[in-house]
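Structural characterization, general
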Amino acid sequence: MKVLVFGTGVENAYVLALAEAGNQVYYYTDYLSPYPSFDDYANGLGFANVEKIHDFFNYVDKVDAIATFDCYGGDLLEYLKRKGYKTFGGGNAVELELDRRLLKSVLKSVGIPTPDYKIVKGIKDIKPPAVVKLSIFRGSIETFRVMNEAQKRNLEIRLRKEFGEFLDDFEFIVEEVIDDDKLVEVGVDAVYNNGFQFPMLLGVEYRKGVYIGKVVESLSELPKGIQETVVKLDVVLRKLGYKGFISTEEFVNPRTSEHYFLDICVRPPYPLGLGYRYAIKNFADVVLKDAKPQYRGKYYVAVPVDFPEAKDYFTYVKFPENDKRYNFNALGKIGRHYYVPKGEDYSGCVCEVFDELNIDKIYSKMQDLLSKLEGGTDRLEDLRPAYEEVRKLWRT
């Protein structure tokens, strides 16, 4: 098949997965600005069956399917879908991720519980302790915690630098801090296509670090609180006509039905989901042929890898060639040499699948895989703490 990918520059692994399945991929990354930079275009250069393109709409009538793996350009994919093009990802559903006020309203309408919250303008009315979220502009600042007045004062200096005098009119979602040892932060990572597709992953991402996910074959295998979320969220996604990857975050009490919905990603989780290229044996068929995912094992483990030097220059990386367990947001290739493009705080992950949760064997295997990657900084130290959270969830 011929596939057109509308990208933001973070989906290299998924582009390669489509190309490795024998598809011809036309890969567009948004490089537009008054002064375009090569580094915004370089992701994906040099790979077989991948052709980088400058003009997205010159290709929409030359391909069999159009896909996106991020939450931006949702309106573009929605427009193409309504015009009869076969699409995957994007659409109006992405507003659930981008518009935090809308998400809270939708969750309330279907009865999915969330932490107590209020909506404020500016930072002065934020009362510590609090979790503070904003819509769309995550490049300015990600979700942050304000635990005391001194921290709030220092954060205001940073925010003034980002937003200027517009800060006083900028809208924030301010949530209560939930600190309960009985709760585990967990979520589902799934494909949505006229319903949540099973099997799916139920996983723990430890402090934006290591991810450990279990392949779940049916709704009944999920904790009760997550079951409620899946059933009620299905109503929303079905109404929006969404098709693509979906990822949720919740606090869950594994022993009861208590749960609090935190966030949604209307896309795969980055960078820990990049390993779907390896973990999902039929990845291309899931995207292009509406197939249900087929996982290689019972558990999926991913360790993030950062490339801080890529903020300043194209960074050379070395890893076992053609090994799909090594995945990157952005990567270019010259001959048999690989480079992470300059200009962003790019990352990737090293992953593996397992049939049992033996932490010593998992640690040893991940340590061995990571030792063969040169040029990045990993978060392997988070593996054992992540496992301890998993034990709370699955009583291992």
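Everything that follows concerns the structure shown earlier in this document.
Conventions and cut-offs
- Along every chain, residues carry numbers that run from 1 in the direction the sequence is written.
- Given that this is a predicted model, residues contribute local features only at a pLDDT of at least 70 and side-chain atom pairs are listed and counted only at 80 or more, while totals for whole chains, interfaces and linings are drawn from all residues.
- Computation of side-chain values: all heavy atoms of the structure, hydrogens and water removed.
- Stacked, edge-to-face and tilted labels apply to pairs of Phe, Tyr and Trp rings (six-membered ring for Trp) whose centres lie within 6.5 Å, assigned for plane angles under 30 degrees, over 60, and everything in between, in that order.
- Working definition: helices are DSSP H or I runs of at least four residues, strands are E runs of at least two. Numbering for both runs from the N terminus.
- Think of it in three bands: with a 1.4 Å probe and only protein chains considered, a residue is buried below 20% of the maximum accessible area for its type, exposed above 50%, and partly exposed in between.
- Two strands form a pair only when DSSP identifies at least two bridges running between them.
- Throughout, disulfides are identified as pairs of cysteine sulfur atoms within 2.5 Å of each other.
- Nine residue types can take part in a nonpolar core, namely buried Ala, Val, Leu, Ile, Met, Phe, Trp, Tyr and Cys, and a core is a set of them joined through side-chain atoms within 4.5 Å.
- Contacts are assigned to residue pairs that have any heavy atoms within 4.5 Å of one another.
- For every element, the axis is a line fit to its C-alpha atoms; helices are fit only across the contacting stretch, and the angle between N-to-C directions ranges from 0 to 180 degrees.
- Take a side-chain nitrogen of Lys or Arg and a carboxyl oxygen of Asp or Glu: if they are within 4 Å of each other, that pair is a salt bridge.
- In protein, a polar contact means a hydrogen-donor-capable atom and an acceptor-capable atom, both N or O and within 3.5 Å, with residues adjacent in sequence counting only if both atoms are side-chain atoms; elsewhere, any N or O pair within 3.5 Å suffices.

In this structure the tally under the stated criterion is 31 aromatic pairs. Between the aromatic rings of Phe-245 and Phe-283, the centroid separation amounts to 5.8 Å while the plane-to-plane angle is 15 degrees, which identifies the pairing as stacked. Taken as a pair, Phe-245 in strand β13 (residues 243–252) and Phe-283 in helix α8 (residues 283–289) lie far apart in primary sequence, 38 residues in all. Take Phe-245 and Phe-283: they sit in the same class, and that class is buried. Ring geometry for Tyr-316 and Tyr-339: centres 5.7 Å apart, planes at 55 degrees, overall tilted. Of the two residues, Tyr-316 is situated in strand β16 (residues 315–317) and Tyr-339 in strand β19 (residues 337–340); the sequence distance between them amounts to 23 residues. A relative accessible area of 27% means that Tyr-339 is categorised as partly exposed.

Pairing is parallel in the open sheet, where 5 strands are placed in the order β3-β2-β1-β4-β5. Lying at the two open borders of the sheet, with one neighbouring strand each, are β3 (50–52) and β5 (87–88). Relative to β3, strand β2 (residues 24–29) runs parallel, the two sharing 3 bridges. Directly across from Tyr-26, in β3, lies its bridge partner Glu-51.

Before going further, it helps to examine the state of the cysteines. One pass over the structure, following the stated rule, counts 0 disulfides. The structure places no disulfide on Cys-71, whose sulfur is separated from the nearest cysteine sulfur, that of Cys-265, by 7.5 Å. A residue is classified by how much of its surface remains accessible, and Cys-71, at 1% relative accessible area, is buried. Here Cys-351 stays free of any disulfide, with the sulfur of Cys-349 as its closest cysteine sulfur at 5.2 Å. Residue classification places Cys-351 among the buried positions, given a relative accessible area of 0%.

This part covers the nonpolar core. Counting 105 residues, the largest nonpolar core has Leu-18, Phe-69, Ile-212, Phe-283, Tyr-300 and Met-366 as the members making the most contacts within it. Element by element, the count of residues in this core is highest for helix α1 (residues 12–20), at 7 residues. Ignoring anything within four residues of it in the chain, the contact list for Leu-18 reads Val-3, Val-5, Asn-23, Val-25, Phe-69, Phe-283, Ala-284, Val-287 and Leu-288. Core analysis: the next-biggest nonpolar cluster, separate from the first, contains 16 residues, Val-120, Ile-126, Val-132 and Leu-167 among them.

For the rest of this paragraph, the subject is the sheet that holds β16. In space, the 3 strands of this open sheet follow the order β16-β19-β18, with antiparallel pairing throughout. Looking at which strands have only one partner, the edges of the open sheet turn out to be β16 and β18 (332–334). Adjacent strand axes in the sheet meet at a mean angle of 40 degrees when their direction is disregarded.

Moving on: the pattern of salt bridges. For the structure shown, the criterion picks out 34 salt bridges. Here Lys-81 ties to Glu-78 by a salt bridge, and the two come within 3.4 Å at their closest N and O atoms. With Lys-81 and Glu-78 both in helix α2 (residues 74–82), this residue pair falls 3 residues apart, about one helical turn. Look at Lys-81 and you get partly exposed, because its relative accessible area is 28%. Residue Glu-175 is joined to Lys-104 by a salt bridge in which the shortest nitrogen-to-oxygen separation is 2.5 Å. Placement of Glu-175 in strand β9 (residues 171–175) and of Lys-104 in helix α4 (residues 100–110) is noted, with a sequence separation of 71 residues between them. Accessibility assignment for this pair places Glu-175 and Lys-104 in one class, buried. Each of the salt bridges in this network shares a partner with another, and the network as a whole consists of Asp-70, Glu-97, Arg-138, Glu-142 and Arg-267.

Attention now moves to the side chain of Asn-329. Relative to the helices and strands, Asn-329 is located in the loop between β17 (326–328) and β18. The exposure class of Asn-329 is buried, given its relative accessible area of 6%. Separated by 2.9 Å, the side chain of Asn-329 and the backbone oxygen of Val-10 make a polar contact.

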